[in-house]
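# Structural features, examined
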Amino acid sequence: MSKSDPFGFDMSVRSAKKKNPRGRRAATGASETSQRVCDKDGCQEAGKFRAPKAPDVLDDFYWFCQEHVREYNNQWNFFEGTTEAELNAQRSKDKVWERETKPMGDPEARAWARLGIEDPHQVLGANATQNPGRAAKTGRRLPPTERRAIEILEAKDDWSKADIRKAYKKLIKVLHPDMNGGDRSQEEQLQEVRWAWDQIKDSRSFK
């Protein structure tokens, strides 16, 4: 930028970094720009390492120094309080990404069933002028971003915000590296799921 520039624009990368309020992370995972104090009682060290507050609150964090984040992580148990039956059920669902195999059947019969017709010959009778399939599609009008968020979270538009949050937490359990053995191959999908929940949690369309 010329020093005589009357508009004062500075498009340099260095200038952008100075203005960027988001923290940069070191190789250790520390937030280099964090100004927080460690959340451990009595500790006055800088809180540069974040850790989720609870298994069901993964988007809200404590901030610790390096010593205390290690201590916190060693005590972390995502399945604390879960019964053996619940754990086995969750493990079975995780094997198929919580998407159970649909029963096999005649695709033509399923197509008729979507129209509310068990027997195709019924189209020649009283149901000939009816279209139950279109009538059954009674979704609410939502902004495009919220409609996309619902699809990402595999939820329905008539669910409550609490129901949608349950769907969000299930996806987080599968996609988050801290809970799937460190697998980071789904990080892009994880970001989509977080984005989708951000749209819904602040929405007035859901109670």
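Residues numbered from 1 in each chain as written. Predicted model: local features only at pLDDT ≥ 70, side-chain atom pairs only at ≥ 80, totals over all residues. Heavy atoms only, no water.

A few words on the overall build of the chain. The helix and strand inventory of the chain stands at 8 helices and 2 strands. Taken from N to C terminus, the helices and strands of the chain fall in the order α-β-β-α-α-α-α-α-α-α. Looking at the chain as a whole, 23% of its 207 residues qualify as buried. Long-range contacts, defined here as pairs at least 24 residues apart, represent 39% of the contacts in the chain between residues at least 6 apart. For the chain, the exposed surface amounts to about 16000 Å²; the carbon and sulfur share of it is 49%. (Helix = DSSP H or I, 4+ residues; strand = E, 2+ residues; numbered from the N terminus. Buried < 20%, exposed > 50% of the residue type's maximum accessible area, 1.4 Å probe, protein only. Contact = heavy atoms within 4.5 Å. Areas by Shrake-Rupley, 256 points an atom, 1.4 Å probe, with all protein chains shown as cover.)

Looking now at unusual backbone geometry. Although it is not a glycine, Glu 154 adopts a positive phi angle of roughly 55 degrees. Here Glu 154 shows up in the loop between α6 (144–152) and α7 (161–175). Residue classification places Glu 154 among the partly exposed residues on the basis of a relative accessible area of 40%.

Turning next to the pattern of salt bridges. One side chain can pair with another of opposite charge once the charged atoms of both are near each other. Across all of its chains, the model carries 5 salt bridges by this definition. Notably, a salt bridge pairs Glu 71 with Lys 40, separated by 3.2 Å at the nearest N-O pair. Taken together, the residues Glu 71 in helix α2 (residues 66–75) and Lys 40 in the loop between α1 (13–19) and β1 (49–54) connect sequence positions 31 residues apart. A relative accessible area of 32% means that Glu 71 is categorised as partly exposed. Between Glu 151 and Arg 148 there is a salt bridge, with the nearest N and O atoms lying 3.6 Å from each other. Of this pair, Glu 151 and Arg 148 both sit in helix α6, separated by 3 residues, roughly a single helical turn. (Salt bridge = Lys/Arg side-chain N within 4 Å of Asp/Glu carboxyl O.)

Our focus in this paragraph is the side chain of Ser 203. Examined against the element boundaries, Ser 203 turns out to sit in the segment after α8 (187–201). Every residue in contact with Ser 203, bar those within four places of it in the chain, is listed here: Glu 146 and Lys 161.

The next thing to look at is the pairing of strand β2 (residues 57–64). As judged from the 5 bridges shared by β1 and β2, these two strands associate in the antiparallel manner. Each residue of the ladder has a partner; that of Phe 49, found in β2, is Phe 64. (Pairing = 2+ DSSP bridges.)

The angle between the axes and the distance between the axes are what describe a pair of packed helices. The interhelical angle for the contact between α7 and α8, taken along N-to-C directions, is 165 degrees, at an axis separation of 10 Å. It follows that α7 is roughly antiparallel to α8 by the angle criterion. At the point where α7 passes α8, the crossing takes the left-handed sense. Packed against α7, whose contacting residues are Lys 161, Ile 164, Arg 165, Tyr 168, Leu 171, Ile 172 and Leu 175, the element α8 presents Gln 189, Leu 190, Val 193, Arg 194, Trp 197, Ile 200 and Lys 201 at the interface. A breakdown of the residues in the contact of α7 with α8 according to their chemical character gives 9 nonpolar, 1 polar and 4 charged. (Axes fitted to C-alpha atoms, helices over the stretch in contact; angles between N-to-C directions. Parallel < 35°, antiparallel > 145°, perpendicular 65-115°, else oblique. Left-handed = near helix turned anticlockwise from the far one by under 90°. Nonpolar A, V, L, I, M, F, W, Y, C, P; charged D, E, K, R; others polar.)

In this section: α7. In this model, α7 (15 residues) spans 21 Å end to end at C-alpha, consistent with the 21 Å of a helix rising 1.5 Å per residue. Restricting attention to buried positions, one finds in α7 the residues Lys 161, Ile 164, Ala 167, Tyr 168, Leu 171, Ile 172, Val 174 and Leu 175. The arc enclosing the buried residues of α7, seen along the axis, measures out at 160 degrees, which places them on a common side. At its buried positions, α7 is contacted by β2, α3 (84–95), α6 and α8. (Expected span 1.5 Å × (residues − 1). Arc of directions from axis to C-beta.)

On to the packing of aromatic side chains. Ring pairs (aromatic) are described by centroid distance and by the angle formed between their planes. This model, assessed by the stated rule, comprises 5 aromatic pairs. The interplanar angle of 15 degrees and the centroid separation of 5.3 Å between the aromatic rings of Tyr 168 and Trp 197 together place this pair among those described as stacked. Taken together, the positions of Tyr 168 in helix α7 and Trp 197 in helix α8 put the pair 29 residues apart, joining distant regions of the chain. Through a chain of ring-to-ring contacts, the aromatic side chains of Tyr 62, Phe 64, Tyr 72 and Trp 76 assemble into a single cluster. The ring of Trp 63 is capped by Arg 36, whose NZ or CZ atom sits 4.0 Å from the centre of that ring. Note that Arg 50 overlies the ring of Phe 61, its terminal NZ or CZ placed 4.2 Å from the centroid. (Phe/Tyr/Trp six-rings, centres within 6.5 Å; stacked < 30°, edge-to-face > 60°. Lys NZ or Arg CZ within 6 Å of the ring centre and 35° of its normal.)

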